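What follows is the residue order along each chain.
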Amino acid sequence: MTGLKVDYGGDRKLEKLCTDEAEMQKKRADIAYKLKLRIKALEAADTVADLETDDPLGYWHQLPGGSYPGCWAGKLSGNYRLLIRPLGEGDPWDAEVVAVIEIVDYH
């Protein structure tokens, strides 16, 4: 396989922020470098489970219920996280498609 399929749910602003380096620098210079690393990790991983080993500094983890049920987070800074949701049937660890939900400080 050639990496996770990443879906931005039609949110063109979020997609541009996550895929256009100039936009990253312009809008979120504070997290641009790590955002680029997390997106590259998503593109390189075959399943969600691979994120943990392929991108250990992303500290990818499943969020417990609360405001973001079924979501996973990758570290962008001390507080900011890139939130994704595995899509498809079955175990979320085996998901090959993820939806990028948002960049958020949920702390």
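Note that the structure is a prediction, hence the values are computed from the model and not measured.

Draft legend 1. Local environment of the environment of Asp7. One can find Asp7 in strand E1 (residues 5–7). Counting along the chain gives 52 residues from Asp7 to Tyr59, while the straight-line C-alpha distance between them is 21 Å. Setting aside residues no more than four positions away along its own chain, Asp7 makes contact with Leu87, Val98, Ala99 and Val100. A distance of 2.8 Å separates a polar atom in the side chain of Asp7 from the backbone nitrogen of Gly9.

Draft legend 2. Structural context of the packing of aromatic side chains. Tallied over the entire structure, the rule returns 2 aromatic pairs. An angle of 50 degrees between the planes, with centres 6.2 Å apart, marks the rings of Tyr68 and Tyr106 as tilted. Taken together, the positions of Tyr68 in the loop between strand E2 (61–62) and strand E3 (72–75) and Tyr106 in the segment after strand E5 (97–105) put the pair 38 residues apart, joining distant regions of the chain. Taking relative accessible area as the criterion, Tyr106 reaches 27% and is therefore assigned partly exposed. Look at Trp72 and Trp93: their rings are 4.8 Å apart centre to centre, the planes differ by 90 degrees, and that puts the pair in the edge-to-face class. Linking Trp72 in strand E3 with Trp93 in the loop between strand E4 (80–87) and E5, this pair joins segments that are 21 residues apart in sequence. Exposure remark for Trp72: the relative accessible area of 2% places this residue in the buried category.

Rules used in this analysis
- Residues numbered from 1 in each chain as written.
- Predicted model: local features only at pLDDT ≥ 70, side-chain atom pairs only at ≥ 80, totals over all residues.
- Heavy atoms only, no water.
- Helix = DSSP H or I, 4+ residues; strand = E, 2+ residues; numbered from the N terminus.
- Contact = heavy atoms within 4.5 Å.
- Polar contact = N/O pair within 3.5 Å; in protein donor to acceptor, adjacent residues only side chain to side chain.
- Phe/Tyr/Trp six-rings, centres within 6.5 Å; stacked < 30°, edge-to-face > 60°.
- Buried < 20%, exposed > 50% of the residue type's maximum accessible area, 1.4 Å probe, protein only.

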